[in-house]
Amino acid sequence: RGSSGGPGRKMSGPGSMASGAAAGSADGPADAARAPEQALFPPGFSVSEIKNKQRRHFMFLRWKQQQRKDKLANKRKRKKEREALGDKAPPKPVPKTIENQRVYDETTVDPNDEEVAFDESTDEFAPYFNRQTVPRILITTSDRPRGRTVRFCEQLSTIIPNSHVYYRRGLALKRIIPQCISRDFTDLIVINEDRKIPNGLVLSHLPDGPTAHFRMSSVRLRKEIKRKGKAPTEHQPEVILNNFTTRLGHSIGRMFASLFPHDPQFIGRQVATFHNQRDYIFFRFHRYIFKSEKKVGIQELGPRFTLKLRSLQKGTFDSKFGEYEWIHKHREMDTSRRKFHL
């Protein structure tokens with residue numbers, strides 16, 4: 001009897017646990033269906049208080065999902081209210097963004113400022129804008145460039161008219177610049193690389209400077225761009241400069257403009273765009289076509305890249321004794337996300 005009673009008692013334990021689990025599973029979905037979704041997240045709810053990592057991650061995803069649902073429901077509610085009010089509906093509120101909340105910069109350029117006009121007529125780019133010089137660009141690389149940097153330079157030379165690529169091997173920039181000046185080059189572009197990836201660009205205006213150093217990122221060659229168009233033609237492209245509003249940004253914009261000839265050939269329908277947003281300069285190269293009076297189709301040709309200004313130096317490149325007009329200081333200048341310099 002003892003042996004038969006033991007197993008009987010042992011079997012009753014799991015049986016009761018199974019029945020309890022079955023009852024819980026039967027009541028769980030019904031209770032979840034009846035309970036509102038907001039009950040999972042009370043007002044004082046904090047995901048960080050959950051100790052279990054997997055549970056905390058799961059609840060964070062549920063919380064984000066609930067936030068999206070609430071936002072979409074509020075949007076639909078406001079839309080119905082506006083439709084009900086018709087013409088009496090109040091104007092839509094302007095969303096707050098980092099751009100429209102930008103901290104005012106005292107060096108913002110006024111196009112009608114006489115001082116700005118005088119500086120433009122006497123700066124290093126005045127001969128170009130007065131049509132006294134024709135752009136002639138030399139594109140070079142760091143010592144012994146790899147394949148990706150070489151292809152990028154070749155594609156960059158097809159975008160900038162009258163540009164030539166030279167691959168240097170151990171020749172210092174201080175020796176290259178006098179040779180460029182003697183051969184009537186107006187600008188020097190140096191593409192630096194790290195771990196076989198282009199990561200820097202030095203732009204020096206000849207013969208008197210200035211010299212700008214950029215960090216380069218997000219480089220995409222033509223074959224890496226989806227739905228790209230055919231290779232660019234030899235037509236001189238149009239140039240678009242966006243959001244270069246400060247004195248510093250105005251100088252950088254004039255440097256980019258001086259790389260291209262004055263009179264674009266509109267028959268080529270090609271445009272090079274330097275778009276400044278939050279001090280990041282995005283470069284795109286497109287071909288456009290007018291489908292109708294209101295519709296325009298554009299097709300990216302490539303390459304594309306992003307620049308971040310690191311320094312602006314007076315004169316030509318001189319890493320030891322050069323005088324800098326502006327240097328990006330991370331700890332001092334990046335204290336506010338709404339403060340921009342270009």
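Residues numbered from 1 in each chain as written. Predicted model: local features only at pLDDT ≥ 70, side-chain atom pairs only at ≥ 80, totals over all residues. Heavy atoms only, no water.

Asks: What exactly am I supposed to notice about the overall build of the protein chain here?
Replies: What the protein chain contains, in helices and strands, is eight helices and eleven strands. Within the protein chain, the fraction of its 342 residues that count as buried is 34%. When contacts within the protein chain are restricted to residue pairs at least 6 apart in sequence, those whose partners lie at least 24 apart make up 65%. Of the roughly 22,600 Å² of accessible surface on the protein chain, 53% is carried by carbon and sulfur atoms. (Helix = DSSP H or I, 4+ residues; strand = E, 2+ residues; numbered from the N terminus. Buried < 20%, exposed > 50% of the residue type's maximum accessible area, 1.4 Å probe, protein only. Contact = heavy atoms within 4.5 Å. Areas by Shrake-Rupley, 256 points an atom, 1.4 Å probe, with all protein chains shown as cover.)

Asks: Mind showing me how you'd approach a positive patch on the surface here?
Replies: Among the surface-exposed residues, K71, K75, R78, K79, R82 and K92 lie close enough to one another that they form a single positively charged patch. Relative to the helices and strands, K75 resides in helix α2 (residues 53-85). According to the relative accessible area criterion, K75 is exposed, its value standing at 54%. (Patch = residues over 30% accessible without salt bridge, like charges linked within 9 Å, V, L, I, M, F, W, Y side chains within 5 Å. Salt bridge = Lys/Arg side-chain N within 4 Å of Asp/Glu carboxyl O. Lys, Arg positive; Asp, Glu negative; His and termini not counted. Charge placed at Lys NZ, Arg CZ, Asp CG, Glu CD.)

Asks: Where do I start with the confidence of the model for the protein chain in this structure?
Replies: Detail in the predicted coordinates should be disregarded across regions flagged by low pLDDT. Overall, the predicted model of the protein chain reaches an average pLDDT of 85, with 88% of residues at or above 70. Counting interchain partners and residues more than four positions distant, the pLDDT-below-50 stretch residues 1-26 has zero contacts. (pLDDT = per-residue confidence, 0-100.)

Asks: Please explain the environment of E106 as it appears in this structure.
Replies: For E106, the position within the fold is in the loop between α2 and α3 (114-122). By relative accessible area, which is 65% here, E106 ends up exposed. Residues E106 and T246, 140 residues apart in the sequence, show an inter-C-alpha distance of 8.2 Å.

Asks: Help me understand helix α5 (residues 147-159), please; the structure alone is not making it clear to me.
Replies: The periodicity of an α-helix, 3.6 residues per turn, causes residues three or four positions apart to be oriented the same way. Here α5 is 13 residues long and its end C-alpha atoms lie 19 Å apart, about the 18 Å a rise of 1.5 Å per residue gives. Here α5 has its buried residues at R148, T149, F152, C153, Q155, L156 and I159. (Expected span 1.5 Å × (residues − 1).)

Asks: In this structure, what is going on with a nonpolar patch on the surface? I would like to understand it.
Replies: A cluster of nonpolar side chains, contributed by F60, L61 and W63, occupies part of the molecular surface with about 260 Å² of accessible area. On the secondary structure map, W63 appears in helix α2.

Asks: Any chance you could explain the packing of aromatic side chains here in plain terms?
Replies: The description of an aromatic ring pair uses the distance of the two centres, along with the angle that the planes make with each other. A complete count under the given rule lists ten aromatic pairs for this structure. Their ring planes at 35 degrees and their centres at 6.2 Å tell us that F60 and W63 sit as a pair that is tilted. Taken as a pair, F60 and W63 lie in helix α2 at a separation of three residues, close to a single helical turn. Judged by its relative accessible area of 36%, F60 falls in the partly exposed class. One aromatic cluster is present, built from ring pairs that chain together F152, F214, F244, F256, F260, F274, F283 and F305. When the ring centre of F185 is taken as origin, the NZ or CZ atom of R136, which lies over that ring, is 4.2 Å away. (Phe/Tyr/Trp six-rings, centres within 6.5 Å; stacked < 30°, edge-to-face > 60°. Lys NZ or Arg CZ within 6 Å of the ring centre and 35° of its normal.)

Asks: Can you walk me through the pairing of strand β7 (residues 270-277) in this structure?
Replies: Along any regular strand, the residues point their side chains to alternate faces of the sheet. Among the eight residues in β7, six count as buried, and that is most of the element. Here strand β6 (residues 238-242) pairs with β7 via five bridges, running parallel. Bridging from a neighbouring strand, N242 pairs with H275 of β7. Remark: the β6/helix α7 (residues 247-257)/β7 crossover connection has left-handed handedness. Here β7 hands over to strand β8 (residues 280-290) after two residues, with R278 in that stretch at a positive phi of 60 degrees. (Pairing = 2+ DSSP bridges. Right-handed = clockwise from strand over helix to strand, strands pointing away.)

Asks: Help me understand the environment of R195 in this model?
Replies: Tracing the chain through its elements places R195 in the loop between β3 (187-194) and β4 (197-205). Spatially, the C-alpha atoms of R195 and R146 are 9.0 Å apart, while their sequence positions differ by 49 residues.

Asks: So what exactly am I meant to see when it comes to the pattern of salt bridges here?
Replies: Close approach of charged atoms lets side chains of opposite charge pair. What the rule picks out here adds up to eleven salt bridges. Across the salt bridge formed by E300 and R304, the nearest N and O atoms sit 2.6 Å from each other. Using a relative accessible area of 12% as the deciding quantity, one classes E300 as buried.

Asks: I keep staring at the packing of α3 against α7 and nothing clicks. Help me out?
Replies: The relative placement of two packed helices comes down to the angle between their axes together with the axis-to-axis distance. At their nearest, the axes of α3 and α7 sit 13 Å apart, and the two run at 35 degrees to each other. In this structure, the crossing between α3 and α7 has a hand that is right-handed. Judged by residue contacts, E115, V116, D119 and E120 of α3 engage R247, H250 and R254 from α7. Looking at side-chain class alone, the contact of α3 with α7 contains one nonpolar, one polar and five charged residues. (Axes fitted to C-alpha atoms, helices over the stretch in contact; angles between N-to-C directions. Left-handed = near helix turned anticlockwise from the far one by under 90°. Nonpolar A, V, L, I, M, F, W, Y, C, P; charged D, E, K, R; others polar.)

Asks: Any chance you could explain the nonpolar core here in plain terms?
Replies: Considering soluble globular proteins, one finds that nonpolar side chains tend to be buried as a cluster. Within the largest apolar cluster, 37 residues are counted, with the highest numbers of intra-cluster contacts made by I189, F214, I252, F256 and I281. With eleven residues, the next largest nonpolar core counts C180, F185, L188 and V202 among its residues. (Core = buried A, V, L, I, M, F, W, Y, C linked by side-chain atoms within 4.5 Å.)

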